[in-house]
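# An overview of the molecular structure
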Amino acid sequence: MRAIRGIRRWRHNPLRRTTDLVEAWLALGALVLILVAAPLTGLLVGRLAEDALQRSVREQRENHHSVVATVVRRADRTPLDPDPETATGRDSHSRVLARWTAPDGTARRGTAMAALDAPRRGDRFAVWTDRSGRMVGRPLDAATASTHAVLAGVGTAAACAGVVEGARRLVLWRMVRRRYEGWDRAWSRVGPDWGRTGTGS
């Protein structure tokens, strides 16, 4: 609204400079881009991200399989294990040596993180593997994918709005600098004679 009022105010004002009108149109253009272009860009990016993520969800559902593993023994701690003094909720998992059967029927054995507080030999827990039995992460679920897509869209819209506003401020700053430089040049011509008799001031 400030931009529209600014254009109307300066349009027929005899004191209006060209830069005043450019400044008002610049503000109006930036406002339109922030209110229209930025949300549309965010929506487009969000939809593209949603499509890509949901495709990834489908692929992971096809390729990741939940199988039951059996604890062979507790694994030795390694330097990569989390420090028990700074343990978090994620660290409630225990590192164990386990065996499981891959979806293709082959027997597998390896180190895994079991969601067991005190794992003992023979305890069973679920792990995610690919078709050949190699351990993989839990597949992404559709709700999480949608949340990431929404965040990508909102972030893109905010970034676009920031870029537009930043560009507007940069152009405005350059216009103000030129205006001051013009005033400095005019004052350097008139200033030394200001107020002297016979100089026309």
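Before reading on, note that the structure itself is shown above.
Numbers given for residues are sequential positions, taken from 1 along each chain in its written order. Restriction of local features to residues with pLDDT of at least 70 applies here, the model being predicted, together with a cutoff of 80 or more for giving and counting side-chain atom pairs; totals for whole chains, interfaces and linings are based on all residues. By convention in this description, side-chain values take in all heavy atoms of the structure and omit both hydrogens and water.

Here a strand is any run of E in DSSP of at least two residues, a helix any run of H or I of at least four, and the numbering for each starts at the N terminus. For the protein chain, the count of helices and strands is 3 helices and 4 strands. The linear arrangement of helices and strands in the protein chain, starting from the amino end, is α-α-β-β-β-β-α. Using a 1.4 Å probe on the protein chains alone, a residue whose accessible area is under 20% of its type maximum counts as buried, one over 50% counts as exposed, and one in between counts as partly exposed. Sorting the 201 residues of the protein chain into buried and exposed places 25% on the buried side. Within the structure as shown, the protein chain displays about 14400 Å² of accessible surface, and the carbon and sulfur contribution to it stands at 57%. Reported accessibility uses the Shrake-Rupley method at a 1.4 Å probe radius. Residues are deemed covered only where the shown protein chains occlude them.

Turning our eyes to something else, we now look at the packing of helix α2 (residues 18-63) against helix α3 (residues 142-190). Here α2 crosses α3 at 160°, and the two axes come no closer than 7 Å. Judged by the angle between their axes, α2 and α3 are roughly antiparallel. Seen from above, α2 lies across α3 with right-handed handedness. Three classes are used: nonpolar for Ala, Val, Leu, Ile, Met, Phe, Trp, Tyr, Cys and Pro, charged for Asp, Glu, Lys and Arg, and polar for all others, with Gly counted as polar. Considering only residue class, the contact of α2 with α3 consists of 23 nonpolar, 9 polar and 7 charged. In this analysis, axes come from line fits to C-alpha atoms, helices being fitted only over the stretch in contact, and the angle between any two N-to-C directions falls in the range 0 to 180 degrees. Angles below 35 degrees are treated as roughly parallel, those above 145 as roughly antiparallel, those between 65 and 115 as roughly perpendicular, and all remaining angles as oblique. Whether a crossing is left-handed or right-handed is set by the direction in which the near helix is turned from the far one by less than a right angle, anticlockwise for left-handed and clockwise for right-handed.

In this section: the packing of aromatic side chains. For this analysis, a ring pair means two rings from Phe, Tyr or Trp (six-membered ring only for Trp) whose centres lie within 6.5 Å, classed as stacked if their planes differ by under 30 degrees, edge-to-face if by over 60, and tilted for the remaining angles. Using the criterion set out here, one finds 1 aromatic pair in the structure. Judged by centre distance (5.4 Å) and plane angle (50°), the ring pair of Tyr180 and Trp183 falls under tilted. Of the two residues, Tyr180 and Trp183 both sit in helix α3, 3 residues apart, roughly one turn of that helix. With relative accessibility at 47%, the residue Trp183 sits in the partly exposed group.

The next thing to look at is α2. By definition here, a helix of n residues has an expected span of 1.5 Å times n minus one. Taking 1.5 Å as the rise per residue, α2 with 46 residues should run 68 Å; its terminal C-alpha atoms sit 64 Å apart, in good agreement. Two axes define the bend at a residue: one fitted to the seven residues ending there, one fitted to the seven starting there, and the bend is the angle between them. Of all the bends in α2, the greatest, near 35°, is centred on Leu33. Along α2, the residues that are buried comprise Asp20, Ala24, Leu28, Ala30, Ala38, Gly42, Gly46, Ala49, Gln54 and Val57.

Another point: the nonpolar core. Here, nonpolar core means buried Ala, Val, Leu, Ile, Met, Phe, Trp, Tyr and Cys residues that are tied together by side-chain atoms lying within 4.5 Å of each other. With 11 residues, the main nonpolar core is built from Val67, Ala69, Val71, Val96, Ala98, Trp100, Ala112, Ala114, Leu116, Phe125 and Val127. Elements supplying a minimum of two residues to this core: β1 (65-74), β2 (94-101), β3 (107-114) and β4 (124-129).

The antiparallel open sheet is built from 4 strands, whose spatial order is β3-β2-β1-β4. Strands with a single pairing partner mark the edges of an open sheet, and in this sheet they are β3 and β4. Between one strand axis and the next, the sheet turns by 45° as a mean value, whatever way the strands run. With 8 bridges joining them, β2 and β3 adopt antiparallel strand pairing. Bridge assignment links Leu97 to a residue of β3, and that residue is Thr111. For two strands to pair, DSSP has to find at least two bridges joining them.

A separate point is the environment of Phe125. With respect to the helices and strands, the residue Phe125 is situated in strand β4. Considered as a pair, Phe125 and Met113 are 12 residues apart in the sequence and their alpha carbons are 9.5 Å apart.

Limitation: the analysis is restricted to geometry and does not speak to function.
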